[in-house]
Amino acid sequence: MAKIQFLLNNRSINAELPSGTTVLDFVRYNQHLVGTKIGCREGDCGACTVLVGEIRDDRLFYQSMTSCLMPLGNAHGKHIVTVEGLNMENLTPVQQAIVDEGGTQCGFCTVGFVVSLSGFTLSQKEHNYENAIAAIDGNICRCTGYKSLERAAAIITKQLAEKDTENSVEWLVEKGFIPDYFLTIKERLEALQSSVIEPSGEGQRVFMGGGTDLFVQRPEEMADSPLYHVFGQPSLTGIEEHKGYCYIGAASTAEDIQASPVMQAIFPNLRAHMKLVSSTPIRNMGTLAGNIVNASPIGDLTAFFLALDSSIVLNHFGQQREIKLRDFYLGYKKLDKATAENVETIYFKIPDKNSYFNFEKVCKRTHLDIASVNSACLVKVEKGVVKEAHLSAGGVAPIPKYLAKSSAALVGKKISPELLKEVELILQEEVAPISDARGTSDYKRLLLRQLFYAHFLTFFPKEIQLAELV
Ligand SMILES: Cc1cc2nc3c(=O)[nH]c(=O)nc-3n(C[C@H](O)[C@H](O)[C@H](O)COP(=O)(O)OP(=O)(O)OC[C@H]3O[C@@H](n4cnc5c(N)ncnc54)[C@H](O)[C@@H]3O)c2cc1C
Ligand code: FES
Ligand code: FES
């Protein structure tokens, strides 16, 4: 049991509970707030979406998260908003737009859409149509065909054009988007003790990031496991540049990475790259360390940071050590890491002006899908000659693969279609994809070739023509 304090809608929760109980089960079965629906319990459908509020930079900051994968321990010190916490006597403009546009039929998904779009109204991101649609990219509706929901999103976007961004909460309350108790939330959150929850329960402690992997892989075990909640810990978050290197707190989420001005300055296409990773609520939860440690052979962030030739800093009861990310994977889900060792920081040398970076991913759906094959590439080129190269790929080996031989084969050579064709042969020798639900082995080899060429077609559109590679 752990002492957990948070705000649930307009009420304070102060209870001793297993910190690995999901927020979904807590709100439905303990609090009897049954508006939040259970669909897949795997983060896929968005029916269980809640808003999670906290204070950042002295302002209220809300993000959508899937409550089926969110442990109560991660709610500690926060404001959790279910649809009951948004409902008022009259429909909110979000609810009204969905009704007016016929955006609800069976209604099972509707709560999730209402919560996600309400999150968009509270968000500090620009209120444009693209961001409104992105806000619901984690919500699935099997009835409406989405067009009506897209129209509702467009109406809401238009209404938000008038929003007073300096006094966002006040404006949203005045216009009926959220109930007036939101005006008291900042003060009430400040009064909450949001200290780190001590691990409770018997046995080996489990590091709990966003829970988006643990609650899919081992859902039954979590409530009784001694969890060490690293999610949101100030010492494990933050993204900084220092003396030519970029340091990322291991508990930074994919969204933190996408929103980071430091990362945006290094990677001009960052937003497009990160959009390929899961969906908005999962990006709001899933951490970089979780992606690295779950060792999925198709982890997107892992492939991204492998190609930056990143290092990771690990901590074992106060004892720090560093290791190259490319040396971290010893075999399928086998890591160079003690169970009690946690990942603290990921860092990489910031590519210079002669460097090019790209990330590619092929999957069956645009959002909420894991890769069949992904790949990232960093090359440094001076006067047409490759000075440094780092290639990675996922889905083609039992581990997230740093392609050492192919990378080395590029160095010292002049960029040309011939070189790429030569290196592609080495690339194929370095991988051993298996046939599975994501494609046959041959198909994955073909994808890898295409993604490898895609990097260079993106980097050097004048020097390399597609026709020369086939
Ligand atoms: C619907 C859905 C879609 C997804 N889509 C994608 C996708 O498109 N691309 C992709 O790459 N992944 C995807 N994932 C997988 C997952 O979201 C990511 O891998 C995410 O980064 C995992 O992070 P987490 O913090 O949630 O991990 P958790 O579940 O909290 O933890 C995962 C593992 O890491 C360990 N761990 C966490 N933090 C630390 C730490 N600081 N030190 C040591 N160990 C630690 C945990 O103990 C656990 O073993 C998806 C998941 C879901 C549910
Ligand atoms: S129940 Fe489907 S995302 Fe949570
Ligand atoms: S209205 Fe039925 S699933 Fe969306």
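Numbering of residues begins from 1 in every chain and follows the order in which that chain's sequence is written. Key to labels: chains lettered from A, ligands numbered from 1, both in the order written. Note on the predicted model: pLDDT of at least 70 is required for a residue's local features to be given, and 80 or more for side-chain atom pairs to be given and counted; whole-chain, interface and lining totals, by contrast, use all residues.

Scanning the chain from terminus to terminus reveals 18 helices and 18 strands. Here the radius of gyration uses the C-alpha set of atoms, whereas the globule reference equals 2.2 Å times the residue count to the power 0.38. For the chain, whose C-alpha radius of gyration is 23 Å, the value lies close to the compact-globule estimate of 23 Å for 470 residues. For the C-alpha atoms alone, the extent of the chain along its principal axes is close to 70 × 50 × 45 Å. Here exposure depends only on C-beta density: within 10 Å of a residue's C-beta, 20 or more other C-beta atoms make it buried, 12 or fewer make it exposed, and intermediate numbers make it partly exposed, the C-beta atoms being placed from the backbone. The buried share of the chain, reckoned over its 470 residues, is 46%. Residue pairs qualify as contacts under a 7 Å threshold applied to their C-beta atoms, which are placed from the backbone. Within the chain, contacts between residues at least 6 apart in sequence are counted, and of these 65% link residues at least 24 apart. Each helix is a run of H or I in the DSSP string that is no shorter than four residues. Each strand is a run of E no shorter than two, and both are numbered from the N terminus.

In many reports, interface size means the accessible area that the parts give up when they come together. The start and end points of each domain follow an automatic or database-based domain assignment. Domain boundaries in the chain define domain 1 (2-86 + 185-229), domain 2 (93-178) and domain 3 (234-469). Between the C-alpha centres of domain 1 and domain 3 the distance comes to 31 Å. With 17 residues of domain 1 at the interface, the matching set in domain 3 holds 15 residues.

Moving on to the site of ligand 1. Placing the C-beta atom from the backbone, one calls a residue near a molecule or strand if that atom lies within 6 Å of it. Around ligand 1 there are 35 residues in total, and G43, G209, G210, G286 and G290 lie nearest to it. For the shell around ligand 1, the elements supplying multiple residues, two or more each, are β6 (206-208), α8 (214-217), α13 (280-285), α14 (288-293), α15 (300-306) and β14 (342-349). Counting residues per element, the shell around ligand 1 draws most heavily on α14, which supplies 4 residues. In terms of residue class, the shell around ligand 1 is built from 18 nonpolar, 13 polar and 4 charged. Under the scheme applied, nonpolar residues are Ala, Val, Leu, Ile, Met, Phe, Trp, Tyr, Cys and Pro; charged residues are Asp, Glu, Lys and Arg; polar residues are all the others, including Gly.

Let's shift gears to the sheet that holds strand β18 (residues 401-402). Two modes of strand pairing occur in sheets, parallel and antiparallel, and in both the strands are linked by backbone hydrogen bonds. Strand order in the open sheet formed by 4 strands is β15-β16-β17-β18, with antiparallel pairing between adjacent strands. Each having just a single partner strand, β15 (355-362) and β18 make up the two edges of the open sheet. Where β15 meets strand β16 (residues 373-382), 8 bridges bridge the pair, whose relative direction is antiparallel. Its bridge partner being in β16, Y356 is matched across the sheet by V379. In this scheme, strands are said to pair when DSSP sees at least two bridges between them.

The length a helix should cover is 1.5 Å for every residue beyond the first. Spanning 14 residues, helix α5 (residues 147-160) covers 20 Å between terminal C-alpha atoms, matching the ideal 20 Å at 1.5 Å per step. If you check which residues of α5 are buried, you get S148, L149, A152, A153, I156, T157 and L160. Where α5 is buried, its residues touch α2 (93-100), α3 (110-122) and α4 (129-135).

Their axes nearest at 11 Å, the elements helix α17 (residues 417-430) and helix α18 (residues 441-459) cross at an angle of 140 degrees. Between α17 and α18 lies a crossing of right-handed hand. Along the contact surface, α17 presents L420, E424, L427 and Q428, while α18 presents R445, L448, R449, F452, Y453 and F456. For the contact of α17 with α18, the class distribution of residues is 6 nonpolar, 1 polar and 3 charged. Only the stretch in contact is used when a helix axis is fitted, and all axes are lines through C-alpha atoms; the angle between N-to-C directions ranges over 0 to 180 degrees. Crossing handedness: left-handed means the near helix sits turned counterclockwise from the far one by under a right angle, and right-handed means the same turn made clockwise.

This part covers the nonpolar core. As used here, a nonpolar core is made of buried Ala, Val, Leu, Ile, Met, Phe, Trp, Tyr and Cys residues. They are joined through C-beta atoms within 7 Å. Among the nonpolar cores identified, the biggest contains 123 residues, and V23, I80, V114, L117 and A307 are the most heavily contacted of them. Here V23 is in contact with V50, S67, M70, L72, A75 and I80, once residues within four sequence places are set aside.

The next point concerns the sheet that holds β14. Read across the sheet, 5 strands follow the order β8-β9-β14-β10-β11 without closing on themselves; strand pairing throughout is antiparallel. Each of the sheet's edge strands pairs with one partner strand only, and the pair in question is β8 (239-242) and β11 (319-324). Strand after strand, the sheet turns through a mean of 25 degrees between neighbouring axes, direction not considered. Inspection of the sheet shows strand β10 (residues 311-316) paired to β11 by 6 bridges, in the antiparallel sense. Looking at β11, one finds that S311 is bridged to K324.

To continue, consider the packing of α3 against α5. Closest axis-to-axis distance for the α3/α5 pair is 11 Å, and the angle between their directions is 25 degrees. Classified by the angle their axes make, α3 and α5 are roughly parallel. The chirality of how α3 crosses α5 is right-handed. Residue-level inspection shows F113, L117 and T121 of α3 in contact with α5, the latter providing L149, A153, I156 and L160. Here the contact of α3 with α5 is built from residues that sort into 6 nonpolar, 1 polar and no charged. By definition in this entry, angles of less than 35 degrees are roughly parallel, angles greater than 145 are roughly antiparallel, angles of 65 to 115 are roughly perpendicular, and the rest are oblique.

Let's shift gears to the pairing of β8. In this sheet, strand β9 (residues 245-249) lies alongside β8 in antiparallel orientation, the contact comprising 4 bridges. Note on β9: the bridge partner recorded for H242 is Y245. Taking the residues that link successive antiparallel strands as the turn, the β8-β9 hairpin has 2 residues, and the phi of K243 there is positive, at about 50 degrees.

This brings us to the environment of R271. Inspection of the secondary structure assignment puts R271 in helix α12 (residues 270-275). Put simply, R271 and D58 are 213 residues apart on the chain and 25 Å apart in space, counted from C-alpha to C-alpha.

Time to look at unusual backbone geometry. Backbone geometry follows two general trends: most residues other than glycine have a negative phi, and most peptide bonds adopt the trans configuration. Positive phi is not limited to glycine here, since H32 has a value of about 60 degrees. Along the polypeptide, H32 turns up in the loop between α1 (23-30) and β3 (49-56). Backbone geometry at D58 places phi at a positive 65 degrees, although glycine is not the residue there. As for its position among the elements, D58 is in the loop between β3 and β4 (59-66). A count of 8 C-beta atoms within 10 Å places D58 in the exposed class.

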